[in-house]
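Listed below, chain by chain, are the residues.
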Amino acid sequence: MQPLIDNARLFGQRPEEFAKLAEGQSPQVLFITCSDSRVVPALITGARPGELFELRTAGNIVPPYASAHPTSEACTIEYAVQVLGVRDIVVCGHSHCGAVGALVRGDDLNAVPAVRDWLTHATPRPAGEQQDPAVAEGVQGHVLTQLLRLRSYPCIEKKLGDGQLALHAWFYEVHTGAVRAHDPQTDAFTAL
């Protein structure tokens, strides 16, 4: 913890670098990814403060839209699209994902009931080799499922229909740093 505290102290000693951020934000991209500590959107993309609007959830799950009982995730997505006017949404899964790996393997998650119940939003169960520690196939299929789920959000459906929004599926390899994007023409994840 101490190195993090030391950096936070130094970080605040450069106010001139951050003064413009007080004027507001206008990110062009909503980046939805996993809470995993090995996945750092700004490092992956090279984004500076104010350039990405981030939504991090266990397993980069986009829950079903429900206006009667909105989730934090739905609020973040709606705000990004309706208020900030993002033009692109990236759903980025990653190799060695514990959440997707648990689903692929069919792990017993009764000891962590909140996690177990949250992962029900990942349906259908991702395919893949149970022995594959990277769970690449499972994660890639899971990312596409979350992209489909996004399409059911009213604000996204409208912006897609108006040509004001684009959706992207990415797969980040934590063991190599490589990023692959889904190509709808070939239905394959290929290097950016």
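Before reading on, note that the structure itself is shown above.
Here the residue numbering is sequential within each chain, running from 1 through the sequence in written order. Given that the model is predicted, a residue must reach a pLDDT of at least 70 before its local features are reported, and side-chain atom pairs must reach 80 or more before they are shown or counted; all residues, however, enter totals for whole chains, interfaces and linings. Only heavy atoms go into the side-chain values, all of them from the structure, while hydrogens and water stay out.

(A) Summary view of the pattern of salt bridges. Within this document, salt bridges are pairs made up of a side-chain nitrogen of Lys or Arg and a carboxyl oxygen of Asp or Glu, the two lying within 4 Å of each other. A full pass over the atoms with the stated rule returns six salt bridges. Between Arg-116 and Asp-117 there is a salt bridge, with its nearest N and O atoms 3.0 Å apart. Taking the relative accessible area as the measure of exposure, Asp-117 reaches 41% and is therefore partly exposed. For each residue, the accessible area found with a 1.4 Å probe, counting protein chains only, is set against the maximum for its type, and the residue is called buried under 20%, exposed over 50%, and partly exposed in between.

(B) Representation of the side chain of Asp-36 within the structure. A run of H or I in DSSP counts as a helix once it spans at least four residues, and a run of E counts as a strand once it spans at least two, with each numbered from the N terminus. Mapping Asp-36 onto the fold places it in the loop between β1 (29-34) and α3 (41-45). Residues count as neighbours in contact if any of their non-hydrogen atoms are within 4.5 Å of one another. Residues within four places of Asp-36 in sequence aside, it is in contact with Arg-56, His-94 and His-96.

(C) Spatial organisation of the sheet that holds strand β3 (residues 88-94). Ordered by their spatial adjacency, six strands build an open sheet running β2-β1-β3-β4-β5-β6, and the pairing between neighbours is mixed. Of all the strands in the sheet, the pair left with one neighbour each is β2 (52-57) and β6 (188-191). The average undirected angle you get between the axes of adjacent strands in this sheet is 30°. Looking at chain direction, β1 and β2 are connected through six bridges and run parallel. Here the rule is simple: two strands pair whenever DSSP picks up at least two bridges between them. Axis definition: a line fit to C-alpha positions, over the contact stretch in the case of helices; interaxial angles, taken between N-to-C directions, run 0 to 180 degrees.

(D) Main features of the state of the cysteines. Two cysteine sulfur atoms form a disulfide, by the criterion used here, when they sit within 2.5 Å. One pass over the full model with this rule turns up zero disulfides. No disulfide involves Cys-92; its nearest neighbouring cysteine sulfur is the one of Cys-34, lying 9.6 Å away. Take Cys-92: its relative accessible area is 0%, and that puts it in the buried class. No disulfide involves Cys-155; its sulfur sits 11 Å from the nearest other cysteine sulfur, which is in Cys-75. For Cys-155, a relative accessible area of 10% translates into the label buried.

(E) View of the side chain of Thr-57. Structurally, Thr-57 can be placed in strand β2. By relative accessible area, which is 3% here, Thr-57 ends up buried. Excluding residues within four positions of it along the chain, Thr-57 makes contact with Thr-33, Cys-34, Ser-35, Glu-73 and Trp-118.

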